[in-house]
Amino acid sequence: MTLHGFYGPDGTESKTKGGGADEDAQAFYGRWAALYDLLARRTPGITTLRRRAANACRLEAGDTVVEMGCGTGANLPYLREAVGPEGTVIGIDFTGPVLERARALTAGYDNVHVVRGDATAPPIPEEDEAAGQGEADAILATFVVGMLADPAGAVDDWCDAVGSGGHVVLVNAARSAERYAPLVNAVFRAVVVLSTPPTTKLRYDPDPVRRLDGKIDAAHGRLRERSSAVAHETHAFGVVRLTGGRIE
Ligand SMILES: C[S@@+](CC[C@H](N)C(=O)[O-])C[C@H]1O[C@@H](n2cnc3c(N)ncnc32)[C@H](O)[C@@H]1O
């Protein structure tokens, strides 16, 4: 697979559709890469969730899967397990320091590639546009769409990239609708505020969680619209949603 359009190692082309907000996000995740890595791999229940997300990609041995906003690479070993030694795993993220951790984690696999790039301008070409089939068999994005300016637009692009018969899987945290929601949602709100770059408007929004919920709803809703078969499940007291779709 030929990848194009990703940034050079010095990150000099790091202009993305999100503009300044993206630069803030890169600085934030870069600064907290070590702590984020710990949370991404050691939070109770996260291993099961990542495995389920990889399963929802419906991968077969030899397939190609792309993870958008792969962060420190916590999903990559599960994706590698699903595609086997003949398959290809590509992790894309725009934050240099988190990618260094992802590279270190996957250094033992020669078919896992970690590249710096923009998830909203995915560097994955459609090999056979006439047949409507993308080069990637599946795209996974966990805890990413809430950071994008146009989450539904990004999901559209990802669906186009995998083409008919491919899979797109989203995992995100949003407010719970369960009966114990008030307590769970109060904790969730604190996590959202603390995990949002302090220089972004979202952190000081009177209701950052409502804005985040809107983005998550838009992204998961668009994936359902674009899919002929949908799998949906919730985890962590209803806060975490996993939606997987087979693209029409
Ligand atoms: C909350 S972290 C999630 C990381 C990983 N998916 C996980 O589940 O641990 C969000 C990641 O998305 C990346 N990200 C956000 N917007 C992006 C964009 N437009 N292009 C590439 N990466 C992006 C950030 O750099 C960060 O590493």
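Predicted model only: the values in this text are computed from it and were never measured.

This next bit is on the pairing of strand 6 (residues 227–235). Where strand 6 lies against strand 7 (residues 240–247), 8 bridges are found, and the strand directions are antiparallel. By the bridge assignment, Val230 is partnered in strand 7 with Gly245. Counted between consecutive antiparallel strands, the loop separating strand 6 from strand 7 contains 4 residues, among which Ala236 sits at a positive phi close to 50 degrees.

Here the focus is the site of the ligand. Inspection of the region around the ligand gives 20 residues, with Gly69, Asp93, Thr95, Ala119 and Thr142 positioned closest. Take Asp93: an N or O atom from its side chain is 2.6 Å from an oxygen atom of the ligand. The backbone of Phe94 places a nitrogen or oxygen atom 3.2 Å from a nitrogen atom of the ligand. Out of a free accessible area of 600 Å², the ligand has 98% covered by protein chains. Among the residues making up the shell around the ligand, the classes are represented as 11 nonpolar, 5 polar and 4 charged.

What follows deals with unusual backbone geometry. The phi dihedral of Arg58 falls on the positive side, at around 55 degrees, and the residue is not glycine. Of note, Arg58 is situated in the loop between helix 3 (46–56) and strand 1 (64–68).

Moving on to the packing of helix 3 against helix 4 (residues 76–83). How two helices pack is summed up by the angle between their axes together with the distance between the axes. One way to put it is that helix 3 packs onto helix 4 with a least axis distance of 9 Å and a crossing angle of 40 degrees. One finds that helix 3 runs oblique with respect to helix 4. Pair helix 3 / helix 4 crosses with right-handed handedness. On helix 4, the residues that touch Thr47, Arg50, Arg51 and Ala54 of helix 3 are Tyr78, Leu79 and Glu81. Among the residues forming the contact of helix 3 with helix 4, the class breakdown is 3 nonpolar, 1 polar and 3 charged.

Another aspect to go through is the side chain of Asn111. Tracing the sequence through the fold places Asn111 in the loop between helix 5 (96–105) and strand 3 (112–116). Polar side-chain contacts of Asn111 include one of 3.0 Å to the backbone oxygen of Gly84. The residues touching Asn111, leaving out its near neighbours within four places in the chain, are Arg80, Gly84, Pro85, Glu86, Gly87, Thr88 and Val89.

Let us now look at the sheet that holds strand 1. Strand order in the open sheet made by the 7 strands is 3-2-1-4-5-7-6, with mixed pairing throughout. The two strands at the open ends of the sheet, each matched to only one other strand, are strand 3 and strand 6. Between one strand axis and the next, the sheet turns through 15 degrees on average, direction left out of account. As paired strands, strand 1 and strand 2 (residues 88–93) are joined by 5 bridges and run parallel to one another. When the bridges of strand 2 are listed, Val65 appears paired with Val89. On the sheet, helix 4 packs against strand 1, strand 2, strand 3 and strand 4 (138–142) and is oriented at approximately 155 degrees with respect to strand 2. Against the sheet, helix 5 makes contact with strand 2 and strand 3, and its axis sits at roughly 170 degrees relative to strand 3, the strand it touches most.

Once that is clear, we can look at the pairing of strand 4. Each regular strand carries side chains that alternate between the two faces of the sheet. Among the 5 residues of strand 4, 5 are classified as buried, and the element is accordingly described as predominantly covered. The alternating pattern of strand 4 places Ala138, Leu140 and Thr142 on one face and Ile139 and Ala141 on the opposite face, and all of these are buried. Two strands pair when backbone bridges link them, and strand 1 and strand 4 are joined in this way by 3 bridges, in the parallel orientation. What sits directly across from Val66, in strand 4, is Ile139. Relative to strand 5 (residues 167–173), strand 4 runs parallel, the two being bridged by 5 bridges. Paired with Thr142 across the strands is Val171, a residue of strand 5. Chirality of the crossover, the property in question, places the unit of strand 4, helix 6 (residues 151–162) and strand 5 among those that are right-handed.

Conventions and cut-offs
- Residues numbered from 1 in each chain as written.
- Predicted model: local features only at pLDDT ≥ 70, side-chain atom pairs only at ≥ 80, totals over all residues.
- Heavy atoms only, no water.
- Pairing = 2+ DSSP bridges.
- Helix = DSSP H or I, 4+ residues; strand = E, 2+ residues; numbered from the N terminus.
- Near = heavy atom within 4 Å.
- Polar contact = N/O pair within 3.5 Å; in protein donor to acceptor, adjacent residues only side chain to side chain.
- Areas by Shrake-Rupley, 256 points an atom, 1.4 Å probe, with all protein chains shown as cover.
- Nonpolar A, V, L, I, M, F, W, Y, C, P; charged D, E, K, R; others polar.
- Axes fitted to C-alpha atoms, helices over the stretch in contact; angles between N-to-C directions.
- Parallel < 35°, antiparallel > 145°, perpendicular 65-115°, else oblique.
- Left-handed = near helix turned anticlockwise from the far one by under 90°.
- Contact = heavy atoms within 4.5 Å.
- Buried < 20%, exposed > 50% of the residue type's maximum accessible area, 1.4 Å probe, protein only.
- Right-handed = clockwise from strand over helix to strand, strands pointing away.

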